[in-house]
Amino acid sequence: MAIMDIGIDLGTANTLLYVRGKGIVLNEPSVVAVRQGRKGTTVAVGTEAKETLGRSPGTITAVRPLEAGVISDFDATEEMIRHFIRKAAPRRSTRIRLVVCVPSGVTPVERRALVRASHSAGARSVYVIEEPMAAAIGAGLPVGDARGSMVVDIGGGTTEVAVLSLGGLVTARSLRVGGHVLDTAVTDHVRKKHGLLIGERTAENVKIAIGSAWPVPEDPELEGRTYEVRGREKIAGLPRRVELTAPEIRRALDEPVEAMIRALRETLEECPPELAGDLMEHGIVLTGGGALLPGLDLRMSSATGIPVFVADEPLECVARGCGECVDHFDTLRDVLQEG
């Protein structure tokens, strides 16, 4: 029986699959659309399912089966993993060996649920790696050296902050604040200030178009940029449009960004002095989709006094870290835990 090694970054917002010898073969939203009934029937998964968010009839529900990086809907998660594995390995006779990421703060019960869902979805053997370790490996940090490395991985559901050395996590924080909380902050701001109700996809578009954490010298035009949103009036219930500005969205994002910085400071406070000296020299690396928020690296650097850099292709770092484990399974076996 043929064996296929797959690394999966099972994120709250997106799922990426890495296949040994092929690289990243799939990057789709972690969304499942289910038709309501005695037994929920899966209508769509991934990109097709995301299109139904906020637009589906009452008989179809689009759900994100993971919240803050852990399973909130077991059946939908199992169906989603099975769907993505079949896309990568269409032959049923293929034996799947899976490396899957989990947040560093996951509980044993949550870890077992993810492993069980992976087995139920068709994986013959499952190995688990903590997200900050995978992100650091994918960003090219020397995690196996006797040198301190620090990564801040900001995903859709969690922010993972960790100091690594000699192939392990020295100190870490897992904060259940990520891209979706930033989107919610935009939604709340538009509702409170403008009396307008907008959807999740619109809030994400606003964040991407004019969101920032700090003024960006390389993009001075950002300060004057605006974005028009359309939604439903909170009181009258009628459709209306509002023009938002970049500075007001920065203020709306301030609370979740400050929570990330607090987690970063707390992790640094627990860091051994020798490793802290390494961080001053080599800096901190940002990974994950949240790393793309303009000015976040500058704000974190200002708050800590340590250089902060955004990794190359930050969205793919965790998946590439899983891929490194898949490609060099025997060499990196020590950073994995068998499920």
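Residues numbered from 1 in each chain as written. Predicted model: local features only at pLDDT ≥ 70, side-chain atom pairs only at ≥ 80, totals over all residues. Heavy atoms only, no water.

**Considerations on the packing of helix α5 (residues 179–194) against helix α8 (residues 254–269)**
The following threshold applies: Here an angle of 0 to 180 degrees is reported between the N-to-C directions of two axes, which are lines fitted to C-alpha atoms, with helices fitted over the stretch in contact. A helix here means a DSSP run of H or I that spans at least four residues, while a strand means a run of E at least two residues long, and both kinds are numbered starting from the N terminus. Roughly parallel means an angle under 35 degrees; roughly antiparallel, over 145; roughly perpendicular, 65 to 115; everything else is oblique. When checking whether two residues touch, look at their non-hydrogen atoms; a contact exists if any pair is within 4.5 Å. Only Asp, Glu, Lys and Arg are considered charged in this grouping, and only Ala, Val, Leu, Ile, Met, Phe, Trp, Tyr, Cys and Pro are considered nonpolar; every other residue, Gly among them, is considered polar.
α8 packs onto α5 with a crossing angle of 150° between their chain directions and a minimal axis gap of 8 Å. With respect to their mutual orientation, α5 and α8 come out roughly antiparallel. When α5 is examined against α8, the residues Val181, Leu182 and Ala185 are found in contact with a partner set consisting of Pro256, Val257 and Met260. Looking at the contact of α5 with α8 residue by residue, the classes come out as six nonpolar, no polar and no charged.

**Observations concerning the sheet that holds strand β4 (residues 32–35)**
Put simply, the rule reads: Paired strands, as defined in this entry, are two strands with at least two bridges between them according to DSSP.
A sheet is described by the order of its strands in space; here three strands give the open sequence β5-β4-β6, paired in antiparallel fashion. If you trace the sheet from one side to the other, it starts and ends with β5 (41–45) and β6 (60–63), each paired once. On average, adjacent strands in this sheet sit at an angle of 25° to one another, irrespective of strand direction. For β4 and β6, the ladder comprises four bridges, and the chain directions are antiparallel.

**Description of the side chain of lysine 207**
Test applied: In the analysis that follows, any N or O atom pair within 3.5 Å is treated as a polar contact, provided that within protein one partner can donate a hydrogen and the other can accept it, and provided that, for residues neighboring in sequence, both atoms belong to side chains.
Here lysine 207 is to be found in helix α6 (residues 200–210). Of note is the side chain of lysine 207, whose polar atom sits 3.0 Å from the side chain of aspartate 183. The residues contacting lysine 207, other than those within four sequence positions of it, are Gly179, Leu182, Asp183 and Leu293.

**A word on the sheet that holds strand β12 (residues 159–165)**
A sheet is described by the order of its strands in space; here five strands give the open sequence β13-β12-β11-β17-β18, paired in mixed fashion. Unpaired on one side and paired on the other, β13 (168–175) and β18 (308–310) mark the two borders of the sheet. For this sheet, the mean angle separating the axes of adjacent strands, direction not counted, is 20°. Of the pairings in the sheet, the one linking strand β11 (residues 149–154) to β12 comprises six bridges and is antiparallel in character. Within β12, the residue paired with methionine 150 across the bridge is valine 163. Where helix α9 (residues 273–282) meets the sheet, it contacts β11, β12, β13, β17 (284–287) and β18, and its direction lies at approximately 110° from that of β12.

**Thoughts on the pattern of salt bridges**
Keep this limit in mind: Note on definitions: salt bridges are taken to be side-chain nitrogens of Lys or Arg within 4 Å of carboxyl oxygens of Asp or Glu.
Within the structure shown, the criterion is met by 22 salt bridges. The structure contains a network of salt bridges with shared partners spanning Asp5, Arg20 and Arg97.

**Regarding unusual backbone geometry**
Positive phi, normally seen in glycine, also occurs at leucine 166, with a value near 50°. Along the chain, leucine 166 falls in the loop between β12 and β13. For glutamate 313, which is not glycine, the phi torsion reads 50° and is therefore positive. Tracing the backbone through its elements, the reader meets glutamate 313 in the loop between β18 and α11 (317–327).

**Concerning the environment of arginine 232**
Threshold: With a 1.4 Å probe rolled over the protein chains alone, any residue whose accessible area is under 20% of its type maximum counts as buried; one over 50% counts as exposed, and the rest are partly exposed.
Checked against the element boundaries, arginine 232 lands in strand β15 (residues 226–233). Since its relative accessible area comes to 44%, arginine 232 is described here as partly exposed. For the pair formed by arginine 232 and glycine 199, sequence separation is 33 residues and the distance between their alpha carbons is 9.6 Å. If near-sequence neighbours (up to four positions away) are discounted, arginine 232 is found in contact with Gly195, Leu196, Leu197, Gly237, Leu238 and Pro239.

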